[in-house]
Amino acid sequence: IGGGSKLEAGSRFRLGLEGDSELESPGEELTLPVERGVLEHLQPGERLLIDNGLVELEVEQREERFVTARVETGGYVSSRKGLNLPDTHLPFTISAKDAADIRFAVAEEVDYLAASYVGAAEHLQTVRERVRALGAALAVASCSGSDQPVGEIEGARRDAGRRLASERAQVDARSALAPRSRA
């Protein structure tokens, strides 16, 4: 995408593997490079939200090295824009950076930890177990961009493209965390 492109609603868009030589050669379809770990999990019918949901795509067809998507909501896209996959089930792992952040939160005795990109209650439980293994009992909340409910927390989710008004989000976050405080 380089300097940027405008995607028109109804047009087709291709997503391909980052570093793939075919992406480097100009073709008829505009192609966005994505990481292998993302591309392999995309399925037809799933939405892709770009730039905080300003641009919305729907996956139509999946091939080994590419995914073709239809632009549902058009707009301008360029390098370094966020990609949110609210319908896609991605595997969950705690990265080295995540583990360091958890250790820091425990050492600083924070009141709660907001875990991003959790897609299921089991993922949130994995974070809680890591916190407990470090000897802490702090509350862990989901800050998921997924449409899937995560555990008992319903209101404190962040969903790019459909954000709550800030006043309501603060109330929802407080009510979601209240029963979990240092129990």
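Attention here is on the structure that accompanies the text. All values reported here derive from a predicted model rather than from experimental measurement.

Glancing now at the packing of aromatic side chains. Overall, the coordinates contain zero aromatic pairs when judged by the stated rule. Directly above the aromatic system of F66 lies the positively charged group of R14, at a separation of 4.0 Å from the ring centroid.

This brings us to unusual backbone geometry. For D51, which is not glycine, the phi dihedral falls at a positive 55°. Structurally, the position occupied by D51 is in the loop between β4 (47-50) and β5 (55-62). Judged by its relative accessible area of 19%, D51 falls in the buried class.

What the six strands build is an open sheet, ordered β3-β2-β6-β5-β4-β8; its pairing is mixed. Edge positions in the sheet fall to β3 (31-34) and β8 (83-84), since each of these pairs with one other strand and no more. Where β5 and strand β6 (residues 66-73) come together, six bridges link them in antiparallel fashion. In the sheet register, Q61 faces β6, and the bridge partner there is T68.

So, about helix α3 (residues 96-107). Taking 1.5 Å of rise per residue, 12 residues should cover 16 Å, and α3 covers 16 Å from first to last C-alpha, within 8% of that figure. Where the residues of α3 are buried, they touch β9 (112-116) and α4 (121-133). E109, located one to two residues past α3, shows a positive phi value of around 55°.

Time to look at the nonpolar core. The biggest cluster of nonpolar side chains holds 19 residues, and the ones touching the most others in it are L7, F13, L15, L39, L42, L48 and L57. Elements supplying a minimum of two residues to this core: β2 (12-17), β3, α2 (36-39), β4, β5 and β6. Setting aside residues up to four positions removed in sequence, L39 forms contacts with L15, G16, L17, V34, R62, E64, R65, F66 and V67. Residues V106, L113, A115 and V118 belong to the second largest nonpolar core, which totals 14 residues.

Rules behind the numbers
Residues numbered from 1 in each chain as written. Predicted model: local features only at pLDDT ≥ 70, side-chain atom pairs only at ≥ 80, totals over all residues. Heavy atoms only, no water. Phe/Tyr/Trp six-rings, centres within 6.5 Å; stacked < 30°, edge-to-face > 60°. Lys NZ or Arg CZ within 6 Å of the ring centre and 35° of its normal. Helix = DSSP H or I, 4+ residues; strand = E, 2+ residues; numbered from the N terminus. Buried < 20%, exposed > 50% of the residue type's maximum accessible area, 1.4 Å probe, protein only. Pairing = 2+ DSSP bridges. Expected span 1.5 Å × (residues − 1). Contact = heavy atoms within 4.5 Å. Core = buried A, V, L, I, M, F, W, Y, C linked by side-chain atoms within 4.5 Å.

Purely spatial values, then, with no claim about function.
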